[in-house]
Amino acid sequence: MGKQSAAIAGFTEWAPERIPETPMFPMEAAAQLAAEVIADAGFEKDEVDGLLVGNPLMESPMFAPSALAEYLGVGCNFGEVVDLGGATGCGMVWRAAAAIEVGVCETALVLCPMPMPPMPPATQGGPGPMRMPAYLGGDVWGSPQALYDIPSGLAAATPSFAMAASRYMAHWGVAPETLAKVAVQQRHNASGNPKAIFRDKPITIEDVLASRIVADPLHLLEIVMPCFGGAALLVTSAERAARGPNRPVRVSGYGERITHRNLTWAPDMLDTPVRAAAERAFRMAGTHREAMDLASMYDCYTITILLTIEDAGFCPKGQGGAFIEEHDLRFDGGDWPLNTHGGQLGMGQAGTAGGLSHVVDVVQQIQGRAGERQLPKADLAYANGTGGMLAEQVALILEGA
Amino acid sequence: MGLRKSEDGRPLPIPTPLAAPFFEAAAEGRLLIPHCPRDGWFFYPRSRCPTCLGDDWDWREASGQGEVHAFTVDRVGHDPALAADIPYAVAVVELAEGPRMPARIVGCGVDDVRVGMPVEAHYEDIEGITLVRFAPREN
Ligand SMILES: [Zn+2]
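Everything numeric in this text was worked out from a predicted model, so none of it was measured.

Draft legend 1. Structural context of the packing of helix H6 (residues 176-190) of chain A against helix H10 (residues 302-311) of chain A. Residues and elements named next belong to chain A. Closest axis-to-axis distance for the H6/H10 pair is 9 Å, and the angle between their directions is 100°. The angle between H6 and H10 places the two elements in the roughly perpendicular class. In this structure, H6 uses Leu179, Val182 and Ala183 to contact H10, whose residues at the interface are Thr302, Ile303, Ile305 and Leu306. Of the residues belonging to the contact of H6 with H10, the class tally is six nonpolar, one polar and no charged.

Draft legend 2. Molecular detail of the coordination of the zinc ion. Residues and elements named next belong to chain B. Around the zinc ion, the protein supplies Cys36 (SG), Asp39 (OD), Cys49 (SG) and Cys52 (SG) as donor atoms, at distances of 1.9 to 2.3 Å. For the zinc ion, the four donor atoms in the first shell make angles of 101 to 113° at the metal, a pattern classed as tetrahedral. In the primary sequence, the donor residues of the zinc ion line up as C-x2-D-x9-C-x2-C. We classify Cys36 as buried; its relative accessible area is 1%. Look at Asp39 and you get partly exposed, because its relative accessible area is 33%.

Draft legend 3. Fine view of the nonpolar core. Residue and element names in this part refer to chain A. Membership of the largest hydrophobic core comes to 56 residues, with the highest contact counts inside it found for Met297, Ile309, Phe314, Trp336 and Tyr382. When near neighbours in sequence (up to four residues on either side) are disregarded, Met297 contacts Ile305, Thr308, Ile309, Phe314, Trp336, Leu338, Asn339, His358, Tyr382 and Asn384. Core analysis: the second largest hydrophobic core is formed by 47 residues, Ala99, Cys112, Met130 and Leu396 among them.

Draft legend 4. Spotlight on unusual backbone geometry. For the peptide bond that leads from Asp216 of chain A to Pro217 of chain A, omega is 5°, which places it in the cis range. Relative to the helices and strands, Pro217 of chain A resides in the loop between strand E5 (213-215) and strand E6 (218-219). Following Ile86 of chain B, the chain continues into Pro87 of chain B via a peptide bond in cis, with omega recorded as -5°. You can see Pro87 of chain B is positioned in the loop between strand E6 (65-74) and strand E7 (88-95). Of note, the phi angle at Ala156 of chain A is positive, near 60°, even though the residue is not glycine. Within the secondary structure layout, Ala156 of chain A lies in the loop between helix H4 (144-149) and helix H5 (158-171). Despite not being glycine, Leu53 of chain B shows a phi value in the positive range, around 60°.

Thresholds, definitions, all that
Per chain, residue numbering runs from 1 following the sequence as it is written. Here the convention is simple: chains get letters from A, ligands get numbers from 1, in the order in which they are written. In keeping with the model being predicted, local features are shown solely for residues with a pLDDT of at least 70 and side-chain atom pairs are shown and tallied solely at 80 or more, while totals for entire chains, interfaces and linings include all residues. Side-chain metrics in this entry use all non-hydrogen atoms of the structure; hydrogen atoms and water are not considered. To obtain each axis, a line is fitted to C-alpha atoms, and for helices this fit is confined to the stretch in contact; angles are then taken between N-to-C directions over 0 to 180 degrees. Secondary structure elements are taken from DSSP: a helix is a run of H or I of four residues or more, a strand is a run of E of two residues or more, and numbering for both begins at the N terminus. Oblique is the label for any angle not covered by the other classes, which are roughly parallel (under 35 degrees), roughly antiparallel (over 145) and roughly perpendicular (65 to 115). In what follows, residue pairs with any heavy atoms lying within 4.5 Å of each other are defined as contacts. Polarity classes work like this: nonpolar for Ala, Val, Leu, Ile, Met, Phe, Trp, Tyr, Cys and Pro, charged for Asp, Glu, Lys and Arg, and polar for all others, with Gly in that last group. Atoms are scored as donors when they are N, O or S and lie within 2.8 Å of the metal, with 3.2 Å used for Na, K and Ca; no water is included, so coordination may look incomplete. All geometry calls rest on donor angles, where a four-donor set with angles between 85 and 135 degrees is tetrahedral, four- and six-donor sets with opposite donors more than 155 degrees apart and all others between 65 and 115 are square planar and octahedral, and all else is irregular. Only protein chains enter the accessibility calculation, which uses a 1.4 Å probe; a residue whose area is less than 20% of its type maximum is buried, one above 50% is exposed, and one in between is partly exposed. Nonpolar core, defined: a set of buried Ala, Val, Leu, Ile, Met, Phe, Trp, Tyr and Cys residues in which side-chain atoms within 4.5 Å join the residues together.

What follows is the structure, encoded as structure tokens:
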């Protein structure tokens, strides 16, 4: 049954917040996450010999792994910054597992510190809510974004995902009500997650369709809320994980696929890279889609879920709408529980920690630590991350030992 | 910064040496697109063909005809520098020759844009640079 030699032994996750009470530098947040996840896994700090961090690390944009090793006082046999946007969390998990499998390191921390950083004393205004820069790093001379996309009026992420949705609606067809159902059931799942920003704020399909259209055809309630937060995992050898207090979660299969940056240049904007990533992950794990007890899929927008269900192979292309209509995605009684933490649509999107939230969701379920949203059976799960404009995707098969 | 701002703050491209022929042709109302002798048309211009990595491609004039492959209407101003234009339609246009490119859709109301709509290139001069837009094609 797939890869057996690396496992997730512990996690920590902070509740996403729009404006946290206390600003914190990313390395300060990384240190707090590290202390929490080491304690959760029942490890000694000296056992850690690998560090992976999701960018950005504000205090050290260059040399980030070494800056972090120095700050945490960890001698690393493996250090890496992963730059895969929303797929960063899942991408870090397989890199950590692979490093352990080949014997480069024994125990690695996967860190996604996304705190609200303090502002220097002379700065006007002080910290504000989380906002991604409008041009997403594309405003440098020579970038195709600066030459063609941005002058055309294509900025930020939402309009790109909206274009994929418009194309999907015209080519395959899906009712706005069906996409809205995804947002509604994610919100429902958030009701079982005390850390979700939208817990106890249920919505209806009518609410989604009545919310303002931000970029046609996407409504406000189909779009994630950017937040601050943080999350971390401890990944180690299966043998070492077995001696910890938590049920080890084996990283049984993984796959990654990267094809483009901006959606404009996607080889096919309706056939997303997760197809190849998921195919590899399932093959590596020696299992199949029907065997999954739950799935946790990157949900920056409702359309992302529709495309991912199809392209990860859970239904034929073009049948995602029918799949969503036929299945109940809720944790309490749903026949196909998806994103039992509420997804990022329900929980809030704390940068790369939002991408990692899907792995944390699965780990909590498999370890039996999901509280009131615990599923009766959670031994085998699919998780994935989506970065860029449907551009870079990582799929994981996670399995309780 | 890889962009310059127009007098009213719009983001304008700064052509690179490699991309300059595209913008020079646009200023003359022509759509010039890279063409590889083995793999045909591609866009955007790259130092080497993205199919074969050959460097022996040349510029060819495309018809300027295409259709809306996908579009959205920005109703909130995702780029604050273009907030004065909202709502506006932005699309990925598939050229008759095959490659796709991003473009504002002009010449019709934002609610009239459809996927599959036939469009043709229009050229908008703004302070020394020409941007390629697309408008609905008659017939
Ligand atoms: Zn070629």
